[in-house]
Structures are given as C-alpha cells and as structure tokens.
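Next come the chains, spelled out residue by residue.
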Amino acid sequence: MRFVQQNAWAANTLKALASEWKAFRIYCSLAGITELPIENHDICFFAQWLLSSGRVKTKASLAQYVSAVRTICGMLNVRKVPTPSQYGPLDLILKGSRRLAQHKVKKSLPVSPPILKRFLLTEISPHAPFVYHQTLTIYKSLCVLYFLSMLRSSNLIAKSYKSIDLKMILCWEDIKPLNNDVNTGILLTIQKAKNNQFGERVHEIPLAAADDPLLCPVKAVFALIDIYGKHRCFGNTPVFQVPDNKGGFEPILRDKFNKWFKHRIQSMGHNPSLYTLHGFRHGGIQECLLAEGNVALCKLTSDHSSDAIMEYAFVPAERRLVISDKVNKSLAAAIACPQFA
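It should be emphasised that the depicted structure is a prediction, and the values quoted were computed from it without experimental measurement.

### What about the overall build of the protein chain?
Part 1 of the argument: Along its length, the protein chain carries 12 helices and five strands.
Part 2 of the argument: On the principal axes, the C-alpha backbone points of the protein chain span a range of 80 × 65 × 40 Å.
Part 3 of the argument: The long-range fraction of contacts in the protein chain, counting pairs at least 24 apart against all pairs at least 6 apart in sequence, stands at 59%.
Part 4 of the argument: When the accessible surface of the protein chain is summed, it comes to about 20400 Å², and 56% of that surface belongs to carbon and sulfur atoms.
Part 5 of the argument: Of the charged side chains in the protein chain, 42 are positive and 25 negative; the average position of the first set lies 6 Å away from that of the second.

### Describing the nonpolar core
Part 1 of the argument: Phe 119, Trp 172, Phe 240, Ile 252, Phe 257 and Phe 280 are the most contacted members of the largest nonpolar core, which totals 48 residues.
Part 2 of the argument: If one sorts the elements of this core by residue count, helix α7 (residues 130-149) sits on top with nine residues.
Part 3 of the argument: Among the nonpolar cores identified, the runner-up in size contains 25 residues, and Ile 33, Ile 38, Phe 46 and Leu 62 belong to it.

### Digging into the pairing of strand β2 (residues 185-190)
Part 1 of the argument: Counting buried positions along β2 yields six of six residues, so the element is predominantly enclosed.
Part 2 of the argument: Of the two faces of β2, both are covered, the one formed by Gly 185, Leu 187 and Thr 189 as well as the one formed by Ile 186, Leu 188 and Ile 190.
Part 3 of the argument: Sheet topology places strand β1 (residues 175-177) next to β2; three bridges connect them, and they run antiparallel. Note that in β2 the partner of Pro 177 across the bridge is Ile 186.
Part 4 of the argument: Across six bridges, the pairing between β2 and strand β3 (residues 203-208) is antiparallel.

### Some remarks on the sheet that holds β3
Part 1 of the argument: Read from one edge to the other, the open sheet built from three strands follows the order β1-β2-β3, with strand pairing classed as antiparallel. Edge positions in the sheet fall to β1 and β3, since each has one partner strand and no second. On average, each strand axis in the sheet is tilted by 25° relative to the strand beside it, whichever way the strands run.
Part 2 of the argument: Together, β1, β2 and β3 form the strand contacts of helix α8 (residues 217-228), whose direction differs from that of β2 by roughly 75°.

### Here's the deal with the packing of aromatic side chains
Part 1 of the argument: The tally for this structure, following the rule as stated, stands at 17 aromatic pairs.
Part 2 of the argument: Between Trp 172 and Tyr 228, the ring centres sit 6.3 Å apart and the planes meet at 80°, which makes this aromatic pair edge-to-face. With a gap of 56 residues between them, Trp 172 in the loop between α7 and β1 and Tyr 228 in helix α8 connect regions that are remote in the sequence.
Part 3 of the argument: With relative accessibility at 2%, the residue Tyr 228 sits in the buried group.
Part 4 of the argument: Taken together, the aromatic side chains of Phe 119, Tyr 139, Tyr 146, Phe 257, Trp 260, Phe 261 and Phe 280 make up a single cluster linked through ring pairs.

### Notes on a nonpolar patch on the surface
Part 1 of the argument: The grouping of Ile 124, Val 131 and Tyr 132 at the surface amounts to a nonpolar patch, some 270 Å² of accessible area in total.
Part 2 of the argument: Within the secondary structure, Ile 124 sits in the loop between α6 (113-120) and α7.
Part 3 of the argument: Using a relative accessible area of 32% as the deciding quantity, one classes Ile 124 as partly exposed.

### Thoughts on the environment of Gly 247
Part 1 of the argument: Relative to the assigned elements, Gly 247 resides in the loop between β4 (241-243) and β5 (249-251).
Part 2 of the argument: Through-space distance from the C-alpha of Gly 247 to that of Val 131 is 9.6 Å; in sequence the pair is 116 residues apart.

### Topic: the environment of Leu 36
Part 1 of the argument: As for its placement among the helices and strands, Leu 36 is situated in the loop between α2 (11-31) and α3 (40-52).
Part 2 of the argument: Here the alpha-carbon distance between Leu 36 and Leu 151, two residues 115 residues apart in the chain, equals 43 Å.
Part 3 of the argument: Among residues more than four places away in sequence, those in contact with Leu 36 are Trp 21, Phe 24, Leu 76 and Val 78.

### Topic: the side chain of Thr 122
Part 1 of the argument: Relative to the helices and strands, Thr 122 resides in the loop between α6 and α7.
Part 2 of the argument: Owing to a relative accessible area of 7%, Thr 122 belongs among the buried residues under this scheme.
Part 3 of the argument: Among the polar contacts listed, one links the side chain of Thr 122 to the backbone oxygen of Phe 119, at a separation of 2.7 Å.
Part 4 of the argument: The contacts of Thr 122, once residues within four sequence positions are left out, are Leu 136, Lys 140, Trp 260 and Arg 264.

Analysis parameters
Here the residue numbering is sequential within each chain, running from 1 through the sequence in written order. Residues qualify for local features only when their pLDDT is at least 70, as the model is predicted, and side-chain atom pairs are given and counted only at 80 or more; totals for whole chains, interfaces and linings, by contrast, use all residues. Where side-chain values are given, they derive from all heavy atoms of the structure, hydrogens and water being excluded. Only DSSP runs of H or I reaching four residues or more are called helices, and only runs of E reaching two or more are called strands; each is numbered from the N terminus. We call two residues in contact when some of their heavy atoms are within 4.5 Å. Working definition of accessibility: Shrake-Rupley area with a 1.4 Å probe, residue cover restricted to the visible protein chains. Counting rule applied: Lys, Arg positive; Asp, Glu negative; His and chain ends not counted. Just so you know, the charge point we use is NZ for Lys, CZ for Arg, CG for Asp and CD for Glu. Nonpolar cores were defined as sets of buried Ala, Val, Leu, Ile, Met, Phe, Trp, Tyr and Cys residues, with membership established by side-chain atoms within 4.5 Å. Categorising residues by exposure relies on relative accessible area from a 1.4 Å probe, with only protein chains included: less than 20% of the type maximum marks a residue as buried, more than 50% marks it as exposed, and the intermediate range marks it as partly exposed. Note on pairing: DSSP must find at least two bridges between two strands before they are called paired. Whenever a helix is involved, its axis is fitted only over the stretch in contact; in every case the axis is a line through C-alpha atoms, and angles between N-to-C directions fall within 0 to 180 degrees. Only Phe, Tyr and Trp rings take part, Trp by its six-membered ring, and two of them pair if their centres are within 6.5 Å. Stacked means planes under 30 degrees apart, edge-to-face means over 60, and tilted covers everything else. Only residues whose relative accessible area exceeds 30% and that take part in no salt bridge are eligible for patches, with like-charged residues grouped when within 9 Å of each other and nonpolar side chains (Val, Leu, Ile, Met, Phe, Trp, Tyr) grouped when within 5 Å. Each reported salt bridge corresponds to a side-chain nitrogen of Lys or Arg within 4 Å of a carboxyl oxygen of Asp or Glu. In protein, a polar contact means a hydrogen-donor-capable atom and an acceptor-capable atom, both N or O and within 3.5 Å, with residues adjacent in sequence counting only if both atoms are side-chain atoms; elsewhere, any N or O pair within 3.5 Å suffices.

Just geometry here; none of it tells us what the structure is for.
Here it is as structure tokens:
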C-alpha cells in the first residue's frame, strides 16, 4: 500500500518531501516533540527555526517546507497542519519573511540566437576521431530541436540510464512527417511531461522546415538518421544517443551534454554559472513571443496551461528597441495628420 501511495508523487517531488520531512524531524528532536499531531503554534516555531538557522532564505522555500509537513501529516492520517490562510500567525511569518529577505529571483539566462548560432557552428579538428565528429553532429541536432521545440530537458535526454522513461523521452515513433510531407516539416508527439505526469493528454509540436540548413529541424533529424542508420530509428528507441565503446549507441545523459554546454558557453566569453540547459527552452519561448503576437498560440506550442509563460518574457532591452521604433513612427504619423496641425 505504501508503494502505491508513494507513486502519488513524481520521483523528484518525493525526494524533496523526504528532505523537508527530515528537517522537520530534526526540529522536533531539538524542540522535544515526540509524537504527532503537533499544535498549531509548533508549525510557527518550525518556520522560525528554518529562517534563523539559515536552512531557508526565501518565502517560497519556507512555504514549501511548511506544505511538506502538512502533506506528510495528511498521509499519516493525523490532524493536518493548518495552511497560512487558516492560521493567521503562520501567514504573518511567511509575509514577514518575504519582507525581511528581499532578493531578486535568480534565473538562468536564455540561449539567444547569436549563442545558438555559435553552438551550431562549433568545429573540432578534422584529425579528431570519427566518433567525436559524430557526437558533435548529434549535439548540434539536439541544440536545434531543443531550442525550436521549447521542450524541457526531461523530454529529450535522461538523467541516468536507470531513469529513462520511454513514454516521456522523445523516441523515434514520436517523430512523424508533417501532413505526410517531410519537406513541410515534422510533428513531435509528447506523451508525458513535467506538467502531464500521468499521460492524460498528448502535446503535439509542429516544426516547419527552414531554408537555412543550420536551423532546419528536418535536416537535424536526417543528420541523426545518417549517423544511426535507418535500422536503429524506429519504435521506442530514444532519438538522442551517442556512440558507445562497443560500436553501438547509448542515450545521451544530461550531465555529459551539460558539461559540453558549459564548456562552449565559457569559450564564447560568457559566465557559465549564469546559464543552464533550460536556457534553450527559455530562448525558444522568447523567440516565440517576439514572432507571434497571439500569446494563446505561444502557450499552446510551449505547453503552458497558465500565464507562467510570461516568466520567460523578459526580453533583453536591446531586442525590445523595435517597440520604441514603432512608437516613434506611429507618433510621427499621428502628428503629421491635418487635425494635429
């Protein structure tokens, strides 16, 4: 029964719950609390302890720890911890922590078009082993589809060989010609995702063929087929693999691709600590918002069910200069009208 209950959460969520519950147990040991349920004021003291000990520094983290205690207490079928809205003193602690610990939210920078181009123009010595050239081509294809599809890394590459979910990660059966014409583009079908963990719907991503071969998703896919061979590109075989030491191929692991990503970012003269792989999705969504005025279509493409997409809308000032230019032209046209003379 406990196994089924644990599967109510994703693996990462369960890991976070375990860590947060461990912190609560440490607090209980220090506070002399030996049994559940706890009193309402105990959760306030727990929150205060988290802040004073430096274990958490933001309101969001504090709220997450409090929520974890409430969740576990509910799972153990004991009296639930009240929510902030149900218990005023707890609400005041959360609000007070936000005021006292003001900070800017740290976000990874987007992979901009110039950075994407630098990735795709990466070269290595012609005398390097053949598998190095194959791996580089595969990485470039991954960069193209990562950026254009706006997918999360969990839908493209695995964290470990043991954690590969063939229903979540992009496989060859999930890539089809668009309208049965590969010259038009391709259609990616995502069965499961971070915000669709139970596979209750299907997310389809159409990617049009591009005139520039460097940026064409169709050519990126065919480049992979040329490397793997058609006999390996079928069914639930992961799309993104690299040569192994046995003459075959193995799925790309996130850590290995991230190491190459950071190295290339640094070689471009950027601070690698300011970028993560999520920058591909970030950059892709920014381009989508700049190119398409209909935000609903952008949300549909990037698989956002809420206005959270606007978190990616902080386009650099130099790229928003076009707005001021349009205002100037509009203003000049309005002033030139006879009624303003």
